Each structure stands twice: as structure tokens, then as C-alpha cells.
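Chains, contacts and geometry: an overview
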Amino acid sequence: MHNKTIAEISRDLAAGEYSSVEITTELLSRVQQLDSEYNSFITVTAEQALAQARAADERRAAGNAEAWTGIPIAHKDIFCTNGVLTTCGSKMLSNFTAPYDATVIDKFNAAGAVSLGKLNMDEFAMGSSNESSFFGPVANPWDKERVPGGSSGGSAAAVAARLVPGATATDTGGSIRQPAALCGVTGLKPTYGRISRWGMIAYASSLDQAGTITRSAEDAALMLQIMAGFDARDSTCMNQAVPDYSASLNNSIEGMTIGLPAEYFRDDLSADMQQAVRNAIAEYEKMGAKVKEISLPNAHLAIPAYYIIAPAECSANLSRMDGVRFGYRCEDPQDIEDLYKRSRGEGFGGEVKRRIMVGAYALSAGFYDAYYKKAQQVRRLIKNDFAAALQEVDLIAGPVTPTPAFRRGEKTSDPVEMYLEDIFTIALNLAGLPGMSVPCGQVNGLPVGLQLIGNYFDEARLLNAAHQFQQATDWHLQKPADI
Ligand code: GLN
């Protein structure tokens, strides 16, 4: 049962092949047996999951089941869950039980889904390897010495290890696509504003976007269907109609034009990585797509611009963690200043502190124009590059990461080395565009992802292209040897 996709579970539950309680029990026992090796969960909500599964089975027995009734998934620990520990991977929130549900959580609950618990992540979603989590690193199921990517490393590892068929995740600069690529699963980062950020703990508010990690594009469509849509509680959530994402999965891609940015295929990307991505492009050509070389001339400015804008926004967002209202508080504060200083000093990890300092500096009087304003101007240039390219092509394709999964500890001593992990993913967030990571090959026995980038609110076309690729290839069905 644990190899089933969301689409298969939905069909099996409807056909009475097994009950929600049965599949939930099986997955919970896998988590119990195996997750000590992966560390993909921070909190397992077994009792609550079984109660939800029982309720789902009762609803089905009464003839009121819908597509999502009784399907088990899990959530990145960045989403507030009513009555359940919500840590964001930080000591700062290691004692924080959220008093309400995020909109995304609300929607899955309303659809009748079952939640097995909360998934590990880099602290406050800052990182590319899951090594910055207060709750310890996550192991990549393909090679436990290697990282699963980050920040949604727990989501990607849990889905790759068949502990859950799908998981929620978030992507501020690559945190869905990069871990999906490194773990050989399918990641979808929708358009900024497609999904409500209400109750999703903010890292960089103008970039953060919720999305999905699954084992197929078909499942990503099913999850997006639940998550997408307007929410008056998030002023950046767009009031745009939500199409039926599953309905267009089987459209032909004959005549679709795919753009290949010259900047994403430079000589410093290894020949093996280039080959895996080019093979995937060739597959699209076989299916009737046309390929066109394009240029994103400002792509090289994405990392520097992001590492001004994201820290600036995080320095403001994280100021609410002050040891007073919620979260970690230091022992025996002498006075209010001591309370702030030690609570924040002890509660935040190194990477988070680095970014708060960079962000506060970049926003300070005298430097604002030189750094923050300049970075926002560069951001506009990057957005314009994509807009021009997407006038000429339907989708853009390229690699997700420069290399397959790296070893734990390999990049922790040099933050810039770690930041470069997102060299192909970050520009998309700056532009607010939707993107996917689709398994497209292997290098040294480790999975490699193909990145697909679409136009604003064109998730349906992305999912269609990804699904067609998965109909023609079986990279998404490959799994780690011991699973
Ligand atoms: N790796 C990037 C960072 O550390 C992106 C993280 C993310 O998308 N949340 O900021």
C-alpha cells in the first residue's frame, strides 16, 4: 500500500480496496519503523490521524465521500496547525502550539484528508540541505550520508521514502524544487499569490509560496486543487479562478514551444547534469514540442538580489519572536533588554542570525538605497527577462540544481557555496512565476531534476507538460534501492 500515489489511493478507497484506517495505520507504522533513519518528521500525530481516518471511513460508509476523503499526507512544519506543535525547525518555536490552522491546513481538513504529522525543515526555511534544523538533519533516502535538500527536506524525504504519498512544502528561493530534485520526487511551486500564506510562518513575504511534493504530476494537480484559491486573510492572495488541474493533464503538447535559457546551460554545469536535462528535452521533442534557445541576461544577478531582499524581509518578519508573546524565552531574564537579547540569542540558530544581521544592515538608514532599493530594481530586470522570454515560448526548461545530492557537512562551512545551490531556482521566486521539478535522470545513481517554468497562473500547462513527460518516461517511478 505504501507505494500508492494519491490518485491511486483515492481510487482504491472509492472502490473499497482498503479503508482509510488501514492505509493510515500502515503508513504510521512505516514512520515509526523507518523514520529514525530519515528524521523527516518533527511531530507524528498518530492519534489525530487515526481519528481523522475513522471519520473519513464513516463518511464514506454514509455515502458522502469525496476525492480526498481519507487520504493520508503530512505537512511541512511551517504551517500552523491548531493544537499541534508548530516549530518551523527552530528552537525559538520548539514549544509553540499553534492556536489556529493555516488556510492550507484548513482546506485539507475540510476536504477530509488525514494528516500524519509535521515534517522537518531548515530553520525558518533558510537553507538548502536541512542541516540548519534545530531538530537535526534529514537523510536523503537515496543515500543516507547525503542531504535531501532544503528547506523542505523533510517533505521530500518522507515522500521519497514512501512514508506519505504527498506533502505540503514551501518555496522562497527553491525550497520545493531543489529538495524534490535531490530526492527524485515531483515538486510544484505555484505562482506567487495562487495559494494563501495565512498561517504559514513568514520568512520573506514577497517570495514565500506554498506548494506540493508528490511522486507524480497527477498528484501535484490533486493537491494544488485543494490548496489554490482566494483567501481574504492574505492580501497578496489573488482572486483568480481555479481551473480543474486534472482535466488538462492529458492534453497533447504537440506544438508547445519550450525555451532553453543559454544561461542555464553553461560549461560550468557538469556534462552529466547537462546530459540528463538534454535527454529530457529530447523526449519533449519526440512528443512534438518545439525547442528554442532564449536568454535571461540578468539571471546571474538573482542570487545577490535574493540575498538582500530575503534577509531584509526576514529581519522584519522574525522581529516578532521576542521571547515575550510566544516561543522560547531565556531563563531568569534580568530586565527586558536581557530578555530580548538572550531569548533571541539562544533561540535562533547561526544561519538565521546571519540573515537577520544582513537584512537589518541592508535596511538601515544610509544603506537602504544602495542595497535594498538596488536589489528591488534588479528584481524588476529579472522579471522583465522572464516576461520577454515567455512572449516567445510556452514553457522554459533547464536544470534544477548544479549537482545531485551532496554529502552532509560538505557545504556547511561556506554559506555562499550553500547559497549557490539555488542558482537555477531563485530567479523564479523573484519574478513570482510558477515552476516544477520533475525527475529526469540519474547521475552516479542519484536523482536529477528537470525544471519547468511557466507563465503566471499557468500551473495547468506546467502540470500537463510534467504529466506527459511522466507518461513517456519512468524516472518518477524509480526509488531508492532499499525501499
Ligand atoms: N535555499 C534558499 C534559502 O536558503 C531558499 C530557501 C527557501 O526557498 N525557503 O533562502
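Residues numbered from 1 in each chain as written. Predicted model: local features only at pLDDT ≥ 70, side-chain atom pairs only at ≥ 80, totals over all residues. Heavy atoms only, no water.

1. Description of the overall build of the protein chain
- Counting its secondary structure elements, the protein chain contains 15 helices and 11 strands.
- Its C-alpha radius of gyration of 21 Å places the protein chain within 12% of the 23 Å reference for a compact globule of 483 residues.
- If one aligns the C-alpha atoms of the protein chain with their principal axes, the spans along those axes are about 65 × 55 × 45 Å.
- In the protein chain, which comprises 483 residues, the proportion classed as buried is 61%.
- Within the protein chain, contacts between residues at least 6 apart in sequence are counted, and of these 75% link residues at least 24 apart.
- Counting every atom, the protein chain has about 17700 Å² of accessible surface; 50% of that belongs to carbon and sulfur.
- One way to put it: in the protein chain the 43 positive side-chain charges average out to a point 3 Å from where the 56 negative ones average out. (Helix = DSSP H or I, 4+ residues; strand = E, 2+ residues; numbered from the N terminus. Rg over C-alpha atoms; globule rule 2.2 N^0.38 Å. Buried < 20%, exposed > 50% of the residue type's maximum accessible area, 1.4 Å probe, protein only. Contact = heavy atoms within 4.5 Å. Areas by Shrake-Rupley, 256 points an atom, 1.4 Å probe, with all protein chains shown as cover. Lys, Arg positive; Asp, Glu negative; His and termini not counted. Charge placed at Lys NZ, Arg CZ, Asp CG, Glu CD.)

2. Let's talk about the nonpolar core
- Grouped together as the largest cluster of nonpolar side chains are 138 residues, with contacts concentrated most on W68, F124, Y284 and F386.
- Those residues in contact with W68 that lie beyond four places of it in its chain are I6, I73, F108, A111, G112, A113, L222, M223 and I226.
- Of all hydrophobic cores here, the second largest spans five residues; its members include V147, L182, A405 and M418. (Core = buried A, V, L, I, M, F, W, Y, C linked by side-chain atoms within 4.5 Å.)

3. Observations concerning the pairing of strand β8 (residues 290-294)
- Where strand β7 (residues 257-261) meets β8, five bridges bridge the pair, whose relative direction is parallel. If you follow L260 over to β8, its bridge partner there is E293.
- Viewed along the sheet, the connection from β7 through helix α8 (residues 271-286) into β8 turns out right-handed. (Pairing = 2+ DSSP bridges. Right-handed = clockwise from strand over helix to strand, strands pointing away.)

4. Overview of the packing of helix α4 (residues 103-111) against helix α7 (residues 217-227)
- Two elements in contact, α4 and α7, have axes whose closest approach is 8 Å; the angle formed by their N-to-C orientations is 105 degrees. With respect to each other, α4 and α7 are oriented roughly perpendicular. Facing α4, whose interface residues are V104, K107, F108 and A111, α7 presents M223, I226 and M227. (Axes fitted to C-alpha atoms, helices over the stretch in contact; angles between N-to-C directions. Parallel < 35°, antiparallel > 145°, perpendicular 65-115°, else oblique.)

5. Some remarks on the side chain of R177
- Its location among the elements puts R177 in helix α6 (residues 177-183).
- Here the side chain of R177 touches T425 through a polar contact of 2.9 Å, landing on its backbone oxygen.
- Sequence-distant contacts of R177, that is, excluding residues within four places in its chain, are made with D171, K189, V400, T425, L428, N429, G435, M436, S437 and Q451. (Polar contact = N/O pair within 3.5 Å; in protein donor to acceptor, adjacent residues only side chain to side chain.)

6. Let's talk about the site of the ligand
- In the vicinity of the ligand lie 15 residues, with G173, S175, Y306, R355 and D422 positioned nearest.
- Contact between the ligand and T172: an oxygen atom at 2.7 Å from a main-chain N or O atom of the residue.
- Between the ligand and G173 there is a distance of 2.6 Å, counted from an oxygen atom to a backbone nitrogen or oxygen.
- For the ligand, whose accessible area on its own is 290 Å², the fraction buried by protein is 100%.
- Across the shell around the ligand, the residue classes break down as five nonpolar, seven polar and three charged. (Near = heavy atom within 4 Å. Nonpolar A, V, L, I, M, F, W, Y, C, P; charged D, E, K, R; others polar.)

7. Examining α4
- Turning to α4, its buried residues number three or more, namely T103, V104, I105, F108 and A111.
- As for α4, its buried residues are in contact with β2 (72-76), β4 (166-170), β6 (210-214) and α7.
- Positive backbone phi, approximately 90 degrees, marks G112, located one or two places after α4.

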